[in-house]
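As a plain string of letters, each chain reads:
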Amino acid sequence: MARIKQPYIPPSEITAEAVWQSRRTWLRRAGAGALTLGAGGMLGGSLLSGGAAMSAQPSGRLAGTPNPDYWLKNKLTSEEDVSGYNNFYEFGTGKTDPVGYAHKMRTRPWVVEIEGEVEKPRSFDIDDLLKLASIEERVYRLRCVEAWSMVIPWSGYSLSTLLKQVQPTSKAKYVQFVSATQPDNMPGLRSRIIDWPYVEALRMDEAMHPLVMLVFGVYGKLLPNQNGAPMRVAVPWKYGFKSGKSIVKIRLLENLPETSWVKIAPNEYGFYANVNPAVPHPRWSQATERRIGDGFFAPRVDTLMYNGYGEQVASLYAGMDLRRNY
Ligand code: MTE
């Protein structure tokens, strides 16, 4: 369950011993206030805006300071499952296609353009985005519309930090995320399932909610390509398809933008896509979920309204009919 303002639970208490042992060193450093960040040696010796010192390591590590406000108590999904069982249709529709093919995606150089209803449209180099704010580690639940879930330690910071830099105008009502297309490196683009690029969007007030995270790393390392390197979004109270991967463009818009899954099947996938056990998908129930890693025969767990984040986000939807706005 998500709990803002819950007491800090040390990772040693919620993580399998082996995983904890491998994470001890960087968590100790993070706890001491320093940030260890490795981007293949590209970021050595610089200073964060918050003043925390960074040191590059060739291993691609990306430790963040654990943020107790965004820390679930649940046992983490194993790193193997987080990076081996994925949805990333640009590489195919099978769960192991992304880990099989995503290594071909080029993630440097990588530029993220921000355009539309902003006072200061601009492009950011990914390595500058990594330095824009202190990197935090947050443990979030990811609930896929396919009725499985994972508990994942992401590293990054709130999307609002970036959006404030470009100063949204008063006309900005929606934020759209455009994922990369690399035809030579993404075999899935040959399929017509999706009208590429993959696009997703949030309402402006949703996008500014501090829970919405720009993610650069997982399990204390830079994101593996199959998880959406070099930068993805995580919106933990919505079905996983709202969290676009490998983002190259962010558009601020006055009108409701197209989104990939609504375009494919508007009767099955809504714009809001808030996790809601009371509203079934037309072809299956959303009342329960399978936790990846628990084994196929393990009992399913009840799905929580807003994926357990209701305390933080329910007010965004006050007065809305959640059956119509699914
Ligand atoms: N982003 C892009 N560009 N392409 C995709 O196919 N799949 C979505 C989302 N983001 C997808 C995407 C879906 S359905 C889910 S459940 C999550 O990514 C899965 O993230 P994970 O593989 O890191 O667990």
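Structure's up top.
Residues numbered from 1 in each chain as written. Predicted model: local features only at pLDDT ≥ 70, side-chain atom pairs only at ≥ 80, totals over all residues. Heavy atoms only, no water.

A. Structural detail: the site of the ligand. By nearness alone, 16 residues border the ligand, and Tyr89, Glu90, Arg232, Ser243 and Lys245 come closest of all. At 2.8 Å, a backbone N or O of Ser243 approaches a nitrogen atom of the ligand. One nitrogen or oxygen atom from the side chain of Lys245 is found 2.7 Å from an oxygen atom belonging to the ligand. Contact with the protein chains removes 98% of the 530 Å² of surface that the ligand exposes when unbound. Residue classes in the shell around the ligand are distributed as 6 nonpolar, 7 polar and 3 charged. (Near = heavy atom within 4 Å. Polar contact = N/O pair within 3.5 Å; in protein donor to acceptor, adjacent residues only side chain to side chain. Areas by Shrake-Rupley, 256 points an atom, 1.4 Å probe, with all protein chains shown as cover. Nonpolar A, V, L, I, M, F, W, Y, C, P; charged D, E, K, R; others polar.)

B. View of the environment of Val262. Following the sequence through the fold, Val262 ends up in helix α8 (residues 260-264). Taking C-alpha positions, Val262 is 9.8 Å from Ala273, a pair spaced 11 residues apart along the chain. Apart from the residues within four sequence positions on either side, Val262 is in contact with Tyr269, Gly270 and Phe271. (Helix = DSSP H or I, 4+ residues; strand = E, 2+ residues; numbered from the N terminus. Contact = heavy atoms within 4.5 Å.)

C. Focus on the pattern of salt bridges. Scanning all chains against the criterion turns up 14 salt bridges. Of the charged contacts in the structure, one is a salt bridge between Glu146 and Lys95, with a shortest N-O distance of 2.8 Å. Highlighted residues: Glu146 in the loop between β6 (136-143) and β7 (148-158) and Lys95 in the loop between α3 (79-82) and α4 (97-101), separated in sequence by 51 residues. For the salt bridge of Glu268 with Arg283, the shortest nitrogen-to-oxygen distance reads 2.7 Å. Note that Glu268 is positioned in the loop between α8 and β14 (288-291) and Arg283 in the loop between α8 and β14, a separation of 15 residues in sequence. Relative accessible area serves as the criterion here: at 55%, Arg283 is assigned to the exposed category. One network of salt bridges, with partners in common, ties together Glu115, Lys249 and Arg251. (Salt bridge = Lys/Arg side-chain N within 4 Å of Asp/Glu carboxyl O. Buried < 20%, exposed > 50% of the residue type's maximum accessible area, 1.4 Å probe, protein only.)

D. Up close: the environment of Pro236. By secondary structure assignment, the location of Pro236 is in the loop between β12 (232-234) and β13 (247-253). What Pro236 contacts, discounting residues up to four positions off in sequence, is Tyr140, Arg141, Leu211, Asn307 and Tyr309.

E. Quick peek at the sheet that holds strand β9 (residues 199-203). Ordered by their spatial adjacency, 5 strands build an open sheet running β5-β4-β13-β8-β9, and the pairing between neighbours is mixed. Of all strands in the sheet, those with a lone pairing partner are β5 (122-125) and β9, marking the two edges. In this sheet, adjacent strand axes meet at a mean angle of 20° when their direction is disregarded. Note that strand β8 (residues 174-179) and β13 share 6 bridges and pair antiparallel. Note that in β13 the partner of Phe177 across the bridge is Ile250. Sheet strands touched by helix α6 (residues 159-166): β4 (111-116), β5, β8 and β13. Its angle to β5, the strand with the most contacts, is close to 135°. (Pairing = 2+ DSSP bridges. Axes fitted to C-alpha atoms, helices over the stretch in contact; angles between N-to-C directions.)

F. Just unusual backbone geometry, in detail. A cis amide bond links Trp196 with the next residue in sequence, Pro197, at an omega value of 0°. By the secondary structure assignment, Pro197 is in the loop between β8 and β9. Phi is positive for Tyr219, which is not a glycine, with a value near 50°. Inspection of the secondary structure puts Tyr219 in the loop between β10 (213-218) and β11 (221-222). According to the relative accessible area criterion, Tyr219 is buried, its value standing at 3%. If you check the backbone angles, Ser246 has positive phi at about 45° while not being a glycine. Inspection of the secondary structure puts Ser246 in the loop between β12 and β13.

G. Seen up close, the packing of aromatic side chains. Tallied over the entire structure, the rule returns 12 aromatic pairs. Seen in terms of ring centroids, Tyr140 and Tyr309 are 6.1 Å apart; in terms of plane orientation they differ by 75°. Their pairing is edge-to-face. Placement of the pair is Tyr140 in strand β6 and Tyr309 in the loop between β15 (301-302) and α9 (310-313), with a sequence separation of 169 residues. Given a relative accessible area of 2%, Tyr309 falls into the buried group. Ring centres of Phe296 and Phe297 lie 6.1 Å apart, and the angle between their planes is 85°; this geometry places the pair in the edge-to-face category. Sitting above the plane of the Phe271 ring, Lys242 keeps its charged end 4.2 Å from the centroid. (Phe/Tyr/Trp six-rings, centres within 6.5 Å; stacked < 30°, edge-to-face > 60°. Lys NZ or Arg CZ within 6 Å of the ring centre and 35° of its normal.)

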